[in-house]
Amino acid sequence: AGLWTFGLVMDVLARPLTLGTPVPARQVLIEVLSIALSLAMFLYVRYAPHAARTKVDVALGYYVLNAVGVALLNNWAHPTSVPLSTLLTWNAVVILVSGMIIPATPMRILVASLVAASTDPIAVWLAHLRGASVPSGLGTMVLFMPNYALAAVAVLPSHVLQRVGRSLEQAQQMGSYHLVELLGRGGMGEVWKARHQLLARTAAVKLVRPELMGARTPEEGENLIRRFRREAEATAALNSPHTIRLYDFGVTEERTFY
């Protein structure tokens, strides 16, 4: 939304001063609609109660619509001719940025990127249908080859995002519990709000890292873990409305006691 707003301001204020001609009304319309679409997308992702997978699907649609808006600006907004050059179009930015920030699978990013890359040639064809002066079909495809090259490159960030997502998912697993939200941090460790993956039961998970307790050697760390294990067993034996209920405890591969 910010980038579209910047483009609109530059077209409305800077263009008349530099070129001496007003911006075409259809170009302003495209930019205003794109700003509205971007704001709607922001509000949807932030506040809609839909699942993350659904929001990613909507984000891919928004990705393609952004590319459509840029292609129309490049080609359809100009009434008599299509100003093409060997430079990259703004859709190159759309393709690269979307590949970096949309957490979709690499294959879905590739498909969406190829569709986005094709919007410029399609817009040139539409300009040809309305009688504008455009390059030949082969010349148009050659000019927009960088779009398709970047569509392939956009798959790489999605691979990285997938690996990071899997690493975060693994880091948030504590036995049968999935860490949801950090509740507090102190000298001994952290306390997280968590949910049991099968029972859907909410619990508080306390993480204790031996190094935070002053353990300088692996042996000292093991002693601390044994001590906390005994405390956990003693707490689990308590059965009173005035004490907490301990459901589970263990040690992660990183030697964090929970």
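On a predicted model such as this, the values are computed, not experimentally measured, just so you know.

> Could you give an account of the overall build of the protein chain, with specific residues and numbers?
Within the protein chain, the secondary structure is distributed over 9 helices and 4 strands. Walking the protein chain from its N terminus toward its C terminus, one meets helices and strands in the order α-α-α-α-α-α-α-α-β-β-β-β-α. The long-range fraction of contacts in the protein chain, counting pairs at least 24 apart against all pairs at least 6 apart in sequence, stands at 56%. Of the roughly 15800 Å² that the protein chain leaves accessible, carbon and sulfur atoms contribute 66%.

> With reference to specific residues and values, describe helix α4 (residues 91-101).
Along α4, the positions that sit buried rather than exposed are Asn-91, Ala-92, Val-94, Ile-95, Ser-98 and Gly-99. Projected down its long axis, α4 shows its buried positions confined to an angular sector of 165°, all on one face.

> Can you lay out the side chain of Asn-147 for me, pointing to particular residues and giving the numbers?
In this structure, Asn-147 sits in helix α7 (residues 145-153). On the accessibility criterion, Asn-147 (2% relative accessible area) is buried. Among the polar contacts made by the side chain of Asn-147, one reaches the main-chain carbonyl oxygen of Ala-117 at a distance of 3.5 Å. Aside from chain neighbours lying at most four places away, what touches Asn-147 is Thr-89, Asn-91, Ala-92, Ile-95, Ala-117 and Asp-120.

> Account for the pairing of strand β2 (residues 177-185), naming residues and giving values.
Look at any regular strand and the pattern is simple: side chains alternate between the two faces of the sheet. Relative to strand β3 (residues 189-196), β2 runs antiparallel, the two being bridged by 7 bridges. From the neighbouring strand, Glu-181 faces β3, where its bridge partner is Lys-193. Between β2 and the antiparallel strand that follows it, β3, lie 3 residues.

Calculation rules
Residues numbered from 1 in each chain as written. Predicted model: local features only at pLDDT ≥ 70, side-chain atom pairs only at ≥ 80, totals over all residues. Heavy atoms only, no water. Helix = DSSP H or I, 4+ residues; strand = E, 2+ residues; numbered from the N terminus. Contact = heavy atoms within 4.5 Å. Areas by Shrake-Rupley, 256 points an atom, 1.4 Å probe, with all protein chains shown as cover. Buried < 20%, exposed > 50% of the residue type's maximum accessible area, 1.4 Å probe, protein only. Arc of directions from axis to C-beta. Polar contact = N/O pair within 3.5 Å; in protein donor to acceptor, adjacent residues only side chain to side chain. Pairing = 2+ DSSP bridges.

Take it as geometry only, folks, not as evidence of what the structure does.
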